[in-house]
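Understanding the architecture of this molecule
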Protein chains: 2
Amino acid sequence: MREEATAFVPGHITGFFSTHPDEDPTKAGSRGAGVTLTRGVEVTVEPEPTESASTVVLDGDEIEIEPVTTVLETLEATARVEVDSELPLGAGFGVSGATALGTALAANRVFDCKLSSNELVTISHGAEVRAGTGLGDVVAQAHGGVPIRLEPGSPQVNELDAIPARARVEYVSFGELSTPDVLSGDTDELSAAGTEALSRVVEEPTLLSFMYASRLFAREAGLLTEDVARAIGDVTDAGGQASMAMLGNTVFALGTGLSDAGYDPDVCTTHPAGAMLR
Amino acid sequence: MREEATAFVPGHITGFFSTHPDEDPTKAGSRGAGVTLTRGVEVTVEPEPTESASTVVLDGDEIEIEPVTTVLETLEATARVEVDSELPLGAGFGVSGATALGTALAANRVFDCKLSSNELVTISHGAEVRAGTGLGDVVAQAHGGVPIRLEPGSPQVNELDAIPARARVEYVSFGELSTPDVLSGDTDELSAAGTEALSRVVEEPTLLSFMYASRLFAREAGLLTEDVARAIGDVTDAGGQASMAMLGNTVFALGTGLSDAGYDPDVCTTHPAGAMLR
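Let us look at the structure shown here. In this text the structure is predicted, and so the values were computed from the model without any measurement. Residue indices follow the written sequence of each chain, beginning from 1 at its first position. For naming, the first written chain is A and the first written ligand is 1, with later ones following in the order written. Local features in this predicted model are restricted to residues whose pLDDT is 70 or higher, and side-chain atom pairs enter the listing and the counts only when it is 80 or higher, whereas totals over whole chains, interfaces and linings include all residues. To obtain the side-chain values, all non-hydrogen atoms of the structure were included, while hydrogens and water were left out.

**Focus on the packing of helix H6 (residues 188-203) of chain B against helix H7 (residues 207-220) of chain B**
Residues and elements named next belong to chain B. For clarity, the threshold we go by: Lines fitted to C-alpha atoms define the axes here, with helix axes fitted over just the stretch in contact, and angles between the N-to-C directions of these axes take values from 0 to 180 degrees. Strands here are runs of E lasting at least two residues and helices are runs of H or I lasting at least four, both read from the DSSP assignment and numbered beginning at the N terminus. Working rule for angles: under 35 degrees goes down as roughly parallel, over 145 as roughly antiparallel, 65 to 115 as roughly perpendicular, anything else as oblique. A crossing counts as left-handed when the near helix is turned anticlockwise from the far one by less than a right angle, and as right-handed when that turn is clockwise. A contact between two residues is defined here by any heavy atoms of the two lying within 4.5 Å. Lys, Arg, Asp and Glu make up the charged group, whereas Ala, Val, Leu, Ile, Met, Phe, Trp, Tyr, Cys and Pro make up the nonpolar group; the residues left over, Gly among them, are polar.
In the contact formed by H6 and H7, the axes pass within 9 Å of each other and the chain directions differ by 165°. Considering the angle they form, H6 stands roughly antiparallel to H7. For the element pair H6 and H7, the recorded crossing hand is right-handed. Residues Glu 189, Leu 190, Ala 193, Gly 194, Ala 197, Arg 200 and Val 201 of H6 form the contact with H7, whose participating residues are Ser 209, Phe 210, Tyr 212, Ala 213, Leu 216, Phe 217 and Glu 220. A breakdown of the residues in the contact of H6 with H7 according to their chemical character gives nine nonpolar, two polar and three charged.

Here it is in structure tokens:
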């Protein structure tokens with residue numbers, strides 16, 4: 001057993017999605033597209049004596065992240081998980097999924113579980129879906145780049161493609177929005193808009209069409225918050241394109257969209273790689 | 001149309017493989033496993049007037065790389081392709097596949113072809129298979145890390161997994177070995193050994209089992225050159241594990257295997273990301 005291992009998992013902003021429930025959480029998930037970010041989550045796993053309980057510490061505070069607990073239980077690992085996040089939780093950056101996947105990767109190494117990448121992604125994705133905290137972040141974060149999720153679920157069943165591009169990403173977060181609340185409501189309208197957006201991006205897999213499809217989706221799915229709607233309008237007025245991070249009270253733009261509109265955004269770029277051990 | 005675009009594609013050392021012919025080159029390919037490398041190929045594509053012919057320049061010299069010509073023809077692009085390779089051609093590093101894939105990524109951007117990542121990988125993989133210069137490098141190089149190729153062919157039909165690990169990679173190249181010559185001969189014995197090696201790595205997806213399976217494959221497939229066989233023996237005597245880069249007169253080891261055995265190897269690490277635009 002190693003003393004510890006650390007994994008980095010990129011953040012992920014979903015631009016649009018449709019939901020695909022299934023009794024088996026490794027088959028459930030979402031179709032859609034998004035951008036992975038150079039900002040993300042660093043997860044360090046250290047073994048704890050088996051008679052004690054696992055603990056998760058986020059930026060110094062002990063917290064409970066349900067998918068992380070599930071991942072550790074699945075791997076039969078008792079551990080101290082230290083999470084260092086460059087992104088806020090609950091604001092549409094896939095932090096819970098990233099933490100689950102980072103825990104799986106690092107624990108696999110520390111506890112010598114001998115699982116493959118796909119197996120670790122499947123465990124993390126299933127844990128995230130079961131907790132209701134996300135539907136597609138984990139598989140996107142395992143992939144990196146600008147992933148298009150053509151078919152839902154874990155790697156055994158899903159199908160991914162990507163937009164072959166890199167971009168500067170700007171974002172401003174206005175606070176939390178509860179993913180479970182939205183996902184447990186009626187998602188028919190949302191999923192119809194998401195399917196429409198996906199066919200646009202499949203037809204023309206460029207960043208421009210991704211932003212266009214995302215903006216249309218945010219409006220049609222009825223998810224826009226007041227803050228985000230105002231910021232999108234401001235960016236449009238300044239000649240750029242912005243949309244809403246699904247699901248968070250967060251606006252994002254590619255290039256200099258938000259700066260040009262007078263905002264003071266956080267800035268990073270798309271992450272060319274998926275989740276990785278340090 | 002842009003003035004130019006540059007893509008980086010990691011090198012790829014195949015440890016073992018089995019061949020899977022198909023009339024459709026996008027469905028043909030190989031199963032197997034390997035390591036992608038931080039050393040690779042940088043490809044810059046610049047448009048040329050359509051009435052002239054495309055040219056490929058490798059480290060300053062104009063050359064012909066058949067898969068690159070095929071990729072440009074498929075994209076209906078007339079271009080000057082400048083290839084800057086940190087790895088030798090024909091020595092088992094997948095340089096021809098990397099050049100084809102880098103050309104596809106960069107040309108897609110320069111000529112605004114609006115193709116997806118999978119489409120670009122499919123075109124490059126098909127071009128490489130048709131030329132007989134490789135069977136699995138392109139899909140591995142698009143993936144990054146330590147890919148396991150469970151099912152052959154391009155992304156529409158193949159299935160990939162990976163060993164979730166990073167490693168220092170050492171190698172010594174003793175010269176060229178012709179991939180088309182080996183692949184056009186009788187590959188039954190080779191493929192049987194490759195299938196056996198793959199089932200070992202699927203059962204235990206670790207770097208140790210990958211090296212073990214690769215070494216056994218190299219011996220059983222009857223491909224070992226004298227130089228490589230001697231180097232593998234020297235590394236084993238020094239307590240390490242080395243194997244042969246398929247297909248090249250090249251020996252590789254993880255960690256410090258070759259240094260420990262008194263060689264003066266080139267050193268890099270596994271590349272966490274797949275091919276990417278600069």
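**Some words on empty space enclosed by the protein**
Heads up, the rule is: Here a cavity is any set of points on a 1 Å grid over the protein atoms alone where a 1.4 Å probe fits but cannot get out, and a pocket is any open set with protein on both sides within 12 Å along at least 5 of 7 lines; a residue lines the site when it has an atom within 4 Å of a point. Grid points are joined across faces, edges and corners, and a volume is the space filled by probe spheres set on the points.
Going through the model one piece at a time under the given rule, you end up with two cavities of 30 Å³ or more. In this structure, the largest cavity encloses a volume near 40 Å³. Along its surface, the largest cavity is lined by Ala193(A), Glu196(A), Ala197(A), Arg200(A), Ala213(A), Leu216(A), Phe217(A) and Glu220(A). Broken down by secondary-structure element, the contributors of at least two residues to the lining of the largest cavity are helix H6 (188-203) and helix H7 (207-220) of chain A. Tallied by class, the residues present in the lining of the largest cavity amount to five nonpolar, no polar and three charged. Put simply, the second largest cavity is a space of about 40 Å³. Ala193(B), Glu196(B), Ala197(B), Arg200(B), Ala213(B), Leu216(B), Phe217(B) and Glu220(B) together form the lining of the second largest cavity. For the lining of the second largest cavity, the secondary-structure elements that each account for two or more residues are H6 and H7 of chain B. Taken together, the residues of the lining of the second largest cavity break down into five nonpolar, no polar and three charged.

**Topic: the pattern of salt bridges**
In plain terms, the rule: Throughout this description, the term salt bridge denotes a Lys or Arg side-chain nitrogen within 4 Å of a carboxyl oxygen of Asp or Glu.
One pass over the full model with this rule turns up 16 salt bridges over all chains. Of the charged contacts in the structure, one is a salt bridge between Lys114(B) and Glu204(A), with a shortest N-O distance of 3.8 Å. Separated into two different chains, Lys114(B) in the loop between helix H2 (95-110) and helix H3 (117-131) and Glu204(A) in the loop between H6 and H7 make up a pair that spans both.

**Focus on the layout of surface pockets**
Approximately 610 Å³ is the volume attributed to the second largest pocket. Lining the second largest pocket are 24 residues; nearest its centre among them are Arg2(A), Arg109(A), Thr206(B), Leu207(B) and Leu208(B). Contributions of two or more residues to the lining of the second largest pocket are made by helix H2 (95-110) of chain A together with H7 of chain B. When grouped by side-chain class, the residues that make up the lining of the second largest pocket number twelve nonpolar, six polar and six charged.

**Describing the packing of H2(A) against helix H3 (residues 117-131) of chain A**
Residue and element names in this part refer to chain A. Close contact between H2 and H3 brings their axes to 9 Å; oriented N to C, the two are set at 145°. Here H2 and H3 pass one another in a crossing that is right-handed. Along its contact with H2, which presents Ser 96, Gly 97, Ala 100, Leu 101, Ala 104, Leu 105 and Asn 108, the element H3 presents Leu 120, Val 121, Ser 124 and Glu 128. Taken together, the residues of the contact of H2 with H3 sort by class into six nonpolar, four polar and one charged.

**Here's the deal with the environment of Ala245(B)**
Residue and element names in this part refer to chain B. Mapped onto the fold, Ala 245 is located in the loop between strand S9 (242-244) and strand S10 (250-254). Sequence separation of Ala 245 and Thr 14 is 231 residues, and the distance between their C-alpha atoms is 5.7 Å. Those residues within four positions of Ala 245 in sequence are excluded, and the remaining contacts are Ile 13, Thr 14, Ala 91, Gly 92, Thr 250 and Phe 252.

**Brief notes about unusual backbone geometry**
That bond from Met246(A) to Leu247(A) is cis: its omega, 5°, falls within 30 degrees of zero. With respect to the helices and strands, Leu247(A) occurs in the loop between strand S9 (242-244) and strand S10 (250-254). Residues other than glycine seldom take positive phi values, yet Lys114(A) does so here, at roughly 60°. Backbone geometry at Glu76(B) places phi at a positive 50°, although glycine is not the residue there. By the element assignment, Glu76(B) lies in the loop between helix H1 (66-74) and strand S5 (79-85).

It is worth stressing that arrangement in space is one thing and function is another; only the former is reported here.
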